[in-house]
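# Breakdown of the fold
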Amino acid sequence: MFIRPLDELTEDLDHAAHENSNFEVPVIDITSADINDQRQHKEIIDEVRRASGTWGFFQLVNHGIPSTVMNEIIKGIKRFHEQDTEIKKQLFSFSNDPKTGCMFHTNFDLYVSKYANWRDSLRCNLLSPDPLNPQELPDTCR
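Keep in mind that what you see is a predicted model, and the values were worked out from it rather than measured.

Conventions and cut-offs
Residues numbered from 1 in each chain as written. Predicted model: local features only at pLDDT ≥ 70, side-chain atom pairs only at ≥ 80, totals over all residues. Heavy atoms only, no water. Helix = DSSP H or I, 4+ residues; strand = E, 2+ residues; numbered from the N terminus. Buried < 20%, exposed > 50% of the residue type's maximum accessible area, 1.4 Å probe, protein only. Contact = heavy atoms within 4.5 Å. Patch = residues over 30% accessible without salt bridge, like charges linked within 9 Å, V, L, I, M, F, W, Y side chains within 5 Å. Areas by Shrake-Rupley, 256 points an atom, 1.4 Å probe, with all protein chains shown as cover. Salt bridge = Lys/Arg side-chain N within 4 Å of Asp/Glu carboxyl O.

### Looking at the overall build of the protein
Looking only at helices and strands, the protein features four helices and four strands. Listed by position from the N terminus, the elements making up the protein come as α-β-α-β-α-α-β-β. Looking at the 142 residues of the protein, the share that counts as buried comes to 20%. In the protein, 48% of the contacts between residues at least 6 apart in sequence involve partners at least 24 apart.

If you want it as C-alpha cells, here you go:
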C-alpha cells in the first residue's frame, strides 16, 4: 500500500513540476484590518475562503504575532515530533473528531487515498466551541 507503480509516480512528479513552476503561496495581508469595518472584515474572510478552497492553505501576514512567538511555536512542534514514540502515543487517535482538543495521527487519508502517504501530524483544535485547556497541549508545545 506504500509502493506506487513507477509510471504513475513519474506522471505525478511531471505534473507537479509543471504545475509548480509559477507556484506562489496565497498571501493575505491584514495590516489595516478593522474588526468594526464589516465590509473589510467580509473581504478578508472571502480571501481566506478563496485561498482555502483553491489551494488548501495560505500565508497570513501582518497579523501582529511577533516572530519570536512564531519561532517558538515551530520549535515546540519540532520538539514534539522528535520525542520518543511512547510519549506521542499518548495523544494518538484513529479518530478525526474535530471536537478533540489535541491529537496525534498518521495517514489521515489512509482509507480514502489509493496509496498510503505517511504523515505524522499533531492537531490542536484551538477554535472549537469550547476553548482548549492549555494542559491538553503536549508539554513540548506549551
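Additional details are given in the paragraphs that follow.
### With respect to a nonpolar patch on the surface
There is a patch of nonpolar side chains on the surface, built from Ile 65, Val 69, Met 70, Ile 73 and Ile 77 and spanning about 390 Å² of accessible area. When you line up the elements, Ile 73 lands in helix 3 (residues 67-82).

### A word on the pattern of salt bridges
Applying the stated criterion across every chain, the model contains six salt bridges. Glu 43 is paired through a salt bridge with Arg 39; the nearest N and O atoms lie 2.5 Å apart. With Glu 43 and Arg 39 both in helix 2 (residues 38-54) and four residues apart, this pair spans about one turn of that helix. Among the residues examined, Arg 39 registers a relative accessible area of 54% and is labelled exposed. Where Arg 49 meets Asp 46, a salt bridge forms, and the shortest distance between an N and an O atom there is 3.0 Å.

Taken by themselves, the reported measurements are silent on function.
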